[in-house]
Amino acid sequence: IGIKNDISAYDIEMILSREKTAKRIIDAKVLIIDEISMLDAATLNSVDRVLRSLRRSVLMEERPFGGLQVIFVGDFFQLPPISKNQDTKFAFESEAWKEANPVACYLNEQHRQDDGEFLELLSAWRHGDLDTMHYEILEARIGKVPTKSVATRLYTHNANVDRVNADALAGIEGSPRTFRMSSHGVRALVDTLKAQCLSPEVLELKEGAAVMFTRNNFEAGYVNGTLGEVMSFSPLGVPIVKTRGGKMIAAEQQEWAIQDGNKILAKVTQVPLRLAWAITVHKSQGMSLDAAVIDLSQAFEYGQGYVAVSRVRTLSGLFLEGFNQRALELHPKVAAADRHFRNYSTAARKKFA
């Protein structure tokens, strides 16, 4: 569906005319949508409409999502969808979701945190049960200073992030090395890739810069969120990064692409790094961090505080500069939906048993 907010009959005809795309959709058996919390109702309705239109000839009937098995993965307590429309609706409020009526399954094994006190805090936060004890735990982390040299700072506003990173880089002696993003393909799709890419279009680095990898590359030994420090540059100019685990990695250029089958419609190429003295809470969603200095004193969005704090693996790795009341609040729509989903999940577990 590209980056459209609404799908017209003409748009569907255009998708049908792309033979490989249409065939892949018609032949598919399962559709997985990750980070479903970030998808608004209108977009999910558009996906449903495209699938119904393309797959109707196969099923000879009208069914939700064209008869595809659909798996939604995500956490609605995290940041809500970003939209120009102030009255943004969550995916679970869409007609497509209601008609599909998906079975709710809660995952109950925790892989990011194993700190009991921290897990209890996050659980109470999710349930809207923060009390005096939890406030005291958070307040006790204010003013703590990390002993390790690399601790990412999380801010709610881009201006703070850019200022901290620029000041920190300027504080290192020497001239920066500049890496510029290259692009190829359909301009609208290229713009989408640039917006989604965590690496900036113009990246300036120096030896000693705190950096974070911006994508997964298991073979090379890093994932999105791996922290480190630029130690040197290879003869070809490739940054050599020492991770917090002590591994030396050559951060060679990587591609981000949008494909139609084997055909690349658009791509951007950049070094998979960004300065990591500071990042926004929005950019941190989905990451796991060993340590973070977090300023939530200007939090303005539901879920910002929960997302920021839950990025950290242990309570000892959490360093707060401050927080306001909004930082502790979760979206009221999500709290109500969560109760429904939990009851549904419990019933489903009993039925499957």
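Coordinates for the structure precede this section.
This report concerns the structure included in the present document. Keep in mind that what you see is a predicted model, and the values were worked out from it rather than measured.

## Digging into the overall build of the protein chain
Counting its regular elements, the protein chain contains 11 helices and 16 strands. For the protein chain, the spread of C-alpha atoms along the three principal axes comes to 65 × 55 × 40 Å. Taking all 353 residues of the protein chain together, 44% fall into the buried category. A sequence separation of at least 24 residues applies to 71% of the contacts in the protein chain between residues at least 6 apart.

## Points about a negative patch on the surface
Taken together, E117, E120, D129, D131, E136 and E139 make up a surface patch of like negative charges. Of all elements in the fold, only α5 (116-126) and α6 (132-140) reach the threshold of two or more residues within the negative patch. In this fold, E136 is placed in helix α6.

## Quick word on the packing of aromatic side chains
Under the counting rule described, the total for this entry stands at 12 aromatic pairs. Residues F76 and F92 carry aromatic rings whose centres are separated by 4.8 Å and whose planes lie at 85° to one another, so their mutual orientation is edge-to-face. Separated by 16 residues along the polypeptide, F76 in the loop between β2 (69-72) and α4 (95-100) and F92 in the loop between β2 and α4 bring together distant segments of the chain. Under the relative-accessibility criterion, F92 is labelled buried at 12%.

## Details of the sheet that holds strand β9 (residues 239-243)
Judged by pairing direction, the sheet is antiparallel, and its 5 strands sit side by side in the order β10-β9-β8-β7-β13 without closing on themselves. Edge positions in the sheet fall to β10 (248-250) and β13 (273-275), since each of these pairs with one other strand and no more. Each neighbouring strand pair of the sheet contributes to a mean axis angle of 45°, computed without reference to strand direction. Note that strand β7 (residues 210-213) and strand β8 (residues 227-233) share 3 bridges and pair antiparallel. The residue bridging A210 from the neighbouring strand is E229, located in β8.

## A few points about the sheet that holds strand β11 (residues 254-260)
The sheet built from 3 strands is open, its strands ordered β5-β12-β11 with antiparallel pairing. In this open sheet, the two strands that pair with only one neighbour each are β5 (182-185) and β11. The sheet shows a mean angle of 10° between the axes of neighbouring strands, direction not considered. By the bridge criterion, 7 bridges tie β11 to strand β12 (residues 263-270) in an arrangement that is antiparallel.

## Here's the deal with the nonpolar core
The nonpolar side chains of a soluble globular protein tend to be buried, and buried together. Core analysis: the largest hydrophobic core is formed by 60 residues, its most contacted members being W97, W125 and I294. Non-local contacts of W97, meaning those with residues more than four positions away in its chain, are made with I36, L44, F72, F76, A91, F92, P102 and F341. In this structure, Y155, L203, A209 and L273 belong to the second largest nonpolar core, which totals 23 residues.

## As for α6
Residues lying three or four places apart along an α-helix face the same way, a consequence of the helix completing one turn every 3.6 residues. Of all the positions in α6, only H134, I137 and L138 are classed as buried. Seen end-on, α6 carries its buried residues on one side only, within an arc spanning 95°.

## Here we look at the packing of helix α1 (residues 9-17) against helix α2 (residues 19-27)
One can describe the packing of α1 onto α2 by two numbers: an axis separation of 5 Å at closest approach and a directional angle of 95°. For the element pair α1 / α2, the angle class is roughly perpendicular. Note on element contacts: α2 touches α1 through E19, T21, A22 and I25, opposite I15, L16 and S17. Within the contact of α1 with α2, the residues separate by chemical class into 4 nonpolar, 2 polar and 1 charged.

## Examining the pairing of β12
Bridge count for β5 against β12 is 4 bridges, and the pairing is antiparallel. The partner of S183 across the bridge, within β12, is V268.

## Topic: the pattern of salt bridges
Per the stated rule, a full pass over the model turns up 12 salt bridges. One salt bridge connects E93 with K333, and the closest N-O pair in it is separated by 3.3 Å. Taken as a pair, E93 in the loop between β2 and α4 and K333 in helix α11 (residues 332-352) lie far apart in primary sequence, 240 residues in all. Of the charged contacts in the structure, one is a salt bridge between E201 and K194, with a shortest N-O distance of 3.4 Å. Given a relative accessible area of 44%, E201 falls into the partly exposed group. The class of K194 is partly exposed, set by a relative accessible area of 26%. Connected through shared salt-bridge partners, D48, R52, E62 and E99 make up one network.

The rules behind the values
Residues numbered from 1 in each chain as written. Predicted model: local features only at pLDDT ≥ 70, side-chain atom pairs only at ≥ 80, totals over all residues. Heavy atoms only, no water. Helix = DSSP H or I, 4+ residues; strand = E, 2+ residues; numbered from the N terminus. Buried < 20%, exposed > 50% of the residue type's maximum accessible area, 1.4 Å probe, protein only. Contact = heavy atoms within 4.5 Å. Patch = residues over 30% accessible without salt bridge, like charges linked within 9 Å, V, L, I, M, F, W, Y side chains within 5 Å. Areas by Shrake-Rupley, 256 points an atom, 1.4 Å probe, with all protein chains shown as cover. Salt bridge = Lys/Arg side-chain N within 4 Å of Asp/Glu carboxyl O. Lys, Arg positive; Asp, Glu negative; His and termini not counted. Charge placed at Lys NZ, Arg CZ, Asp CG, Glu CD. Phe/Tyr/Trp six-rings, centres within 6.5 Å; stacked < 30°, edge-to-face > 60°. Pairing = 2+ DSSP bridges. Axes fitted to C-alpha atoms, helices over the stretch in contact; angles between N-to-C directions. Core = buried A, V, L, I, M, F, W, Y, C linked by side-chain atoms within 4.5 Å. Arc of directions from axis to C-beta. Parallel < 35°, antiparallel > 145°, perpendicular 65-115°, else oblique. Nonpolar A, V, L, I, M, F, W, Y, C, P; charged D, E, K, R; others polar.

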